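Analysis of the macromolecular model
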Amino acid sequence: MKNLSIKFKSYVAAGIFVVIGVLLDQWTKSLAVAGLKGQKPIILIDKVFQLCYLENRGAAFGIFQNRITFFLISTPIILIIMIWLYGRFPEGKRYLPLRICSAAICAGAIGNMIDRVRLGYVIDFFYFNLIDFPIFNVADIYVTVSTFALLFLVFFYYREEDLEQIFKRRK
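First things first, this report covers the structure right here in the doc.

Quick notes on the rules
Residues numbered from 1 in each chain as written. Predicted model: local features only at pLDDT ≥ 70, side-chain atom pairs only at ≥ 80, totals over all residues. Heavy atoms only, no water. Salt bridge = Lys/Arg side-chain N within 4 Å of Asp/Glu carboxyl O. Buried < 20%, exposed > 50% of the residue type's maximum accessible area, 1.4 Å probe, protein only. Helix = DSSP H or I, 4+ residues; strand = E, 2+ residues; numbered from the N terminus. Contact = heavy atoms within 4.5 Å. Axes fitted to C-alpha atoms, helices over the stretch in contact; angles between N-to-C directions. Parallel < 35°, antiparallel > 145°, perpendicular 65-115°, else oblique. Nonpolar A, V, L, I, M, F, W, Y, C, P; charged D, E, K, R; others polar.

Going through the model one piece at a time under the given rule, you end up with seven salt bridges. Of the charged contacts in the structure, one is a salt bridge between R57 and E55, with a shortest N-O distance of 3.6 Å. Judged by its relative accessible area of 35%, R57 is partly exposed. Look at the salt bridges and you will find they share partners, linking D25, K29 and D115 into a network.

Position of Q50 among the secondary structure elements: in strand β2 (residues 49-56). Residue class for Q50 comes out buried when judged on its relative accessible area of 11%. Sequence-distant contacts of Q50, that is, excluding residues within four places in its chain, are made with P41, I42, I43, L44, F125, F126, Y127 and N129.

Let's shift gears to the packing of helix α2 (residues 68-88) against helix α5 (residues 160-167). Where α2 meets α5, the closest approach of the two axes is 8 Å, and the angle between their N-to-C directions is 110°. In this view, α2 runs roughly perpendicular relative to α5, as classed from their interaxial angle. For the pair α2 and α5, contact is made by W84, L85 and R88 and by Q165, I166 and F167, respectively. Grouping the amino acids of the contact of α2 with α5 by side-chain chemistry returns four nonpolar, one polar and one charged.

Scope: geometric values only; no functional claims are made or implied.
Put into structure tokens, the structure is as follows:
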């Protein structure tokens, strides 16, 4: 019973983390609409970084343009996988980074999904023009940073025995 209580508290904490992440993402997008839509970009660091409004009808790097059905199908699948993985992570501080990454990926996926369902596109507004990096948003940061962190953790931090704890067959 104690393990169930710990697991429940873990899911509640993750849920709160996801809700706060989604709210932050949506708030920043509303600020972008109010302050950037129809306006010239706001240059924060000349020739390096600026804020500019973009209605992105695809994914990162301009792929899957106007493929909203793809996103409406793939996002729930990603969410289900992340929630399933979250449930597999053993409790304890050692696996906390994996739980945080999973929750952040969910927050980013939900944040962009809300835009796609509500608007038909995703609002992007951060632009590193120094390297001509694609314009992105807070949800993209959650997904990208967390995915790279997750991969780094799996390949370089956790040992094989740690990963076996996640994927071992449970009775």
